[in-house]
Amino acid sequence: MNIPSHGRSRDEILEEMNAARAGDIRWQQGKTFSLVFQSTLAVKEIAQQAYLMFFSENGLNPSAFPSLRKFESEVVAMSASLLGGDGEVAGNMTTGGTESILMAVKTARDWARANRPDISKPEIVLPLSAHPAFDKAAHYFDVRLVKTALDAGFHADPHAMESAITPNTIMLVGSAPSYPQGVVDPIADLASIAQERGLLMHVDACVGGFILPFVRRLGYPLPEYDFSVPGVTSISADLHKYGYTAKGASVILYRNRQLRRKQYFVATDWPGGIYASPTMSGTRAGGTIAAAWAVMHFLGEEGYLEITRQVMQLRDHFRQGITEIPSLYILGDPDMTVMAIASQHGNIYEVGDEMSLRGWHLDRQQFPPSLHLTIHAGHAAVADQFLHDLRVSASLEKRLSVLKLRNLLGVRLAKFAANTLPPGMLSGLMKRASSMLTGGGSGLPGRTAAMYGLMGTLPNRGDLGEMVLDLLDQMTHLEEKNK
Ligand SMILES: *Cc1c(COP(=O)(O)O)cnc(C)c1O
């Protein structure tokens, strides 16, 4: 495909783009439980206005745009104070939770290079529930992750983590809360272990950072998780989740500036000049920085508190409704608005498929199998419909015996193939199988229970990794009809 030789009209372009949205998930109707965080129309509008106002500006060079420098410093300072930080806490805005976590890991590695020169292959100890951004960071920065099992309530287990510490350990990680089950890890226990052993301690508050402080103020019981805990050395918190700002905004915060210094990068002998950069990005969008500042000022603490009050009530309503469905239950005791639903009958994925057929978009989770809920204000209008559909879907779960049989056969076949075929062929086969099972990947998700069942039985998770990378590869390929 080439860039069109003649430019097209604005109307024609917008029309084609609108048409392209036809198959997208309909988050506007509140039927989506990840990817989009809604608050109010007024918040969205101020974010959009601020974003457009600084659409062209570039945060790469703070001396060129004192405006962005002011916004970023103030966003960081407001976030630090919200998260129990004193005047020493320092940080930066990044493009999202992943970049914040990449920075925390890179900073820890470089801190260890300076302070623990005996370590050649640094290790980070973290619970199984920690976000895959840590795996990504370890992959990029050549750090080894040591993952530990969770306790029965899906929290990080401090004893298991302490036992996993070796002379090469540089940092411990806990989540506030973990994404899969929405529980806050025992941060105080972990931080005290870290402090005793002279290690860094990162708290991943990506999803919780801008809601937990308000959840606590509303009187809900919460464990400690922020800079008020001695031994916590860095925190990641995403503005573009419960901060309700434009996408592409997060903060990474450090206990002090000496630690943050290890995050920075400078090249001094480039013909293009001396080049310094605080985070992963070179060019930094002014819009996301401006929108974050604007939304924080627009809502104020009172605004965040009020939205959080509504969202927590909504969460209580969802929780109650789910608990009343006999075959379903919630994993652990979620501390805020993120939770996972499992089934006593053991095939929650089929419940998920039934929900998909009714237009709901719920992420599937594994170990144990569950459906994921991230509740926000956009779900208020649909909560009762959701609970109704969930009840119906749960009641169908046991009756789906024909489908189940077909799924089971598919799984048996795949298992047989996985055990007998050479790996290269297996990857190709999996590719075809998965596109068959997901209905070719076009439009809304269809039945995926079979695919998840299949994945759960693969003898080698490496094969699964290859299969998923094949899928990713295909995603950025032009579809045949467009070639
Ligand atoms: C969302 C999330 C991340 C990753 O953030 P992105 O903005 O998607 O890069 C990391 N940790 C937790 C707990 C999250 O919920």
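Presented here is an overview of the structure given in this document. (Residues numbered from 1 in each chain as written. Predicted model: local features only at pLDDT ≥ 70, side-chain atom pairs only at ≥ 80, totals over all residues. Heavy atoms only, no water.)

**Describing unusual backbone geometry**
Negative phi values dominate among residues other than glycine, just as trans dominates among peptide bonds. That bond from Ala 176 to Pro 177 is cis: its omega, -10 degrees, falls within 30 degrees of zero. When you line up the elements, Pro 177 lands in the loop between strand S4 (169-175) and helix H7 (187-197). Positive phi, close to 60 degrees, is recorded for Tyr 244, a residue that is not glycine. One can find Tyr 244 in the loop between strand S6 (234-238) and strand S7 (250-254). (Helix = DSSP H or I, 4+ residues; strand = E, 2+ residues; numbered from the N terminus.)

**Here's the deal with empty space enclosed by the protein**
Within this structure, the stated rule accounts for 3 cavities of 30 Å³ or more. One number sums up the size of the largest cavity: a volume of about 80 Å³. Around the largest cavity, the lining residues are Ser 129, Ala 130, His 131, Ser 175, Pro 177, Ser 178, Tyr 179, Asp 204, Cys 206, Val 207 and Lys 241. Looking at side-chain class alone, the lining of the largest cavity contains 5 nonpolar, 4 polar and 2 charged residues. (1 Å grid on protein atoms, 1.4 Å probe; cavity = no way out; pocket = protein on both sides within 12 Å on 5 of 7 lines; lining within 4 Å. Points joined across faces, edges and corners; volume = space filled by probe spheres on them. Nonpolar A, V, L, I, M, F, W, Y, C, P; charged D, E, K, R; others polar.)

**Quick look at the sheet that holds S6**
Strand order in the open sheet made by the 7 strands is S1-S7-S6-S5-S4-S2-S3, with mixed pairing throughout. At either margin of the open sheet sits one strand with a lone partner, and together these are strand S1 (90-94) and strand S3 (144-148). Strand after strand, the sheet turns through a mean of 20 degrees between neighbouring axes, direction not considered. Both strand S2 (residues 123-127) and S4 contribute to a ladder of 3 bridges, which runs parallel. Note on S4: the bridge partner recorded for Val 125 is Leu 172. The strands touched by helix H3 (residues 66-82) within the sheet are S1 and S7, with S1 carrying the most contacts at an inclination of about 115 degrees. Helix-sheet contacts for helix H5 (residues 133-141) involve S2, S3, S4 and strand S5 (200-204), and the interaxial angle to S3 is about 150 degrees. (Pairing = 2+ DSSP bridges. Axes fitted to C-alpha atoms, helices over the stretch in contact; angles between N-to-C directions. Contact = heavy atoms within 4.5 Å.)

**What to know about the pairing of S4**
For S4, a buried count of 7 out of 7 residues is recorded, marking the element as mostly surrounded by other parts of the structure. Remark: the S4/H7/S5 crossover connection has right-handed handedness. (Buried < 20%, exposed > 50% of the residue type's maximum accessible area, 1.4 Å probe, protein only. Right-handed = clockwise from strand over helix to strand, strands pointing away.)

**Section: the packing of H3 against helix H10 (residues 286-323)**
H10 packs onto H3 with a crossing angle of 50 degrees between their chain directions and a minimal axis gap of 9 Å. Between H3 and H10, the angle is such that the two are oblique. Between H3 and H10 lies a crossing whose hand is left-handed. In this structure, H3 contributes Leu 68, Lys 70, Phe 71, Glu 72, Glu 74, Val 75, Met 78 and Ser 79 to the contact, and H10 contributes Gly 286, Ile 289, Ala 290, Ala 292, Trp 293, Met 296 and His 297. In terms of residue class, the contact of H3 with H10 is made up of 9 nonpolar, 3 polar and 3 charged. (Parallel < 35°, antiparallel > 145°, perpendicular 65-115°, else oblique. Left-handed = near helix turned anticlockwise from the far one by under 90°.)

**Here we look at the site of the ligand**
Lining the immediate surroundings of the ligand are 13 residues, of which Gly 97, Thr 98, Asp 204, His 240 and Lys 241 lie closest. Within the backbone of Gly 97, a nitrogen or oxygen atom sits 2.9 Å from an oxygen atom of the ligand. Here an oxygen atom of the ligand sits 2.8 Å away from a polar atom, N or O, in the side chain of His 240. Summarising the interface, the protein chains cover 85% of the accessible area of the ligand, which totals 380 Å² for the free molecule. Under a 2 Å grid-point criterion requiring more than half of the atoms, the pocket assigned to the ligand is the largest cavity. Across the shell around the ligand, the residue classes tally to 5 nonpolar, 5 polar and 3 charged. (Near = heavy atom within 4 Å. Polar contact = N/O pair within 3.5 Å; in protein donor to acceptor, adjacent residues only side chain to side chain. Areas by Shrake-Rupley, 256 points an atom, 1.4 Å probe, with all protein chains shown as cover. Sits in = over half its atoms within 2 Å of the grid points.)

**What about the nonpolar core?**
As a rule of thumb, nonpolar side chains are buried together in soluble globular proteins. Counting residues in hydrophobic clusters, the biggest one holds 93 residues, and the most contacted among them are Ile 322, Leu 373 and Phe 386. Examining the composition of this core, we find that 16 residues originate from one element, H10, more than from any other. Beyond its immediate sequence surroundings of up to four residues, Leu 373 is in contact with Phe 33, Phe 318, Ile 322, Thr 337, Val 338, Met 339, Ile 341, Leu 362 and Phe 386. Among the nonpolar cores identified, the runner-up in size contains 27 residues, and Ala 104, Ile 119, Ala 137 and Val 143 belong to it. (Core = buried A, V, L, I, M, F, W, Y, C linked by side-chain atoms within 4.5 Å.)

**Notes on helix H4 (residues 97-115)**
Given a rise of 1.5 Å per residue, 19 residues ought to cover 27 Å, and the 26 Å separating the end C-alpha atoms of H4 matches this to within 8%. For H4, the tally of buried residues reaches 15 of 19 residues, placing the bulk of the element in the interior. (Expected span 1.5 Å × (residues − 1).)

**Notes on the pairing of S2**
By the criterion of burial, S2 is predominantly enclosed, with 5 of the 5 residues buried. Direction of pairing for S2 relative to S3: parallel, over a ladder of 5 bridges. Considered in S3, the bridge of Val 125 is made with Val 146.

**Points about the environment of Ser 277**
Along the polypeptide, Ser 277 turns up in strand S9 (residues 273-277). Between the C-alpha atom of Ser 277 and that of Leu 60, which follows or precedes it by 217 residues, the distance is 7.0 Å. Apart from residues lying up to four places away in sequence, Ser 277 is in contact with Tyr 264 and Phe 265. At 3.4 Å, the side chain of Ser 277 forms a polar contact with the backbone oxygen of Ser 281.

**Here's the deal with the packing of aromatic side chains**
Each aromatic ring pair is described using two quantities: the centre-to-centre distance and the angle formed by the ring planes. Counting across every chain of the model gives 13 aromatic pairs. Geometrically, the ring pair formed by Tyr 244 and Tyr 304 is stacked, given 6.3 Å between the ring centres and 20 degrees between the ring planes. Of this pair, Tyr 244 sits in the loop between S6 and S7 while Tyr 304 sits in helix H10; the two residues are 60 residues apart in sequence, bridging distant segments of the chain. Residue classification places Tyr 244 among the buried residues on the basis of a relative accessible area of 6%. A residue is classified by how much of its surface remains accessible, and Tyr 304, at 5% relative accessible area, is buried. Among the aromatic residues, ring-to-ring pairing joins Phe 37, Phe 214, Tyr 242, Tyr 244 and Tyr 304 into one connected group. Here the basic side chain of Lys 31 rests over the ring of Trp 360, its NZ or CZ set 4.8 Å away from the ring centre. (Phe/Tyr/Trp six-rings, centres within 6.5 Å; stacked < 30°, edge-to-face > 60°. Lys NZ or Arg CZ within 6 Å of the ring centre and 35° of its normal.)

**Observations concerning the pattern of salt bridges**
Throughout the structure, instances matching the rule amount to 19 salt bridges. Residue Asp 316 is joined to Arg 315 by a salt bridge in which the shortest nitrogen-to-oxygen separation is 3.0 Å. When its relative accessible area of 6% is taken as the criterion, Arg 315 is described as buried. The closest approach of N and O atoms between Arg 319 and Asp 333, which form a salt bridge, is 2.7 Å. Of the two residues, Arg 319 sits in helix H10 while Asp 333 sits in the loop between strand S10 (328-330) and strand S11 (338-343), which places them 14 residues apart along the sequence. (Salt bridge = Lys/Arg side-chain N within 4 Å of Asp/Glu carboxyl O.)

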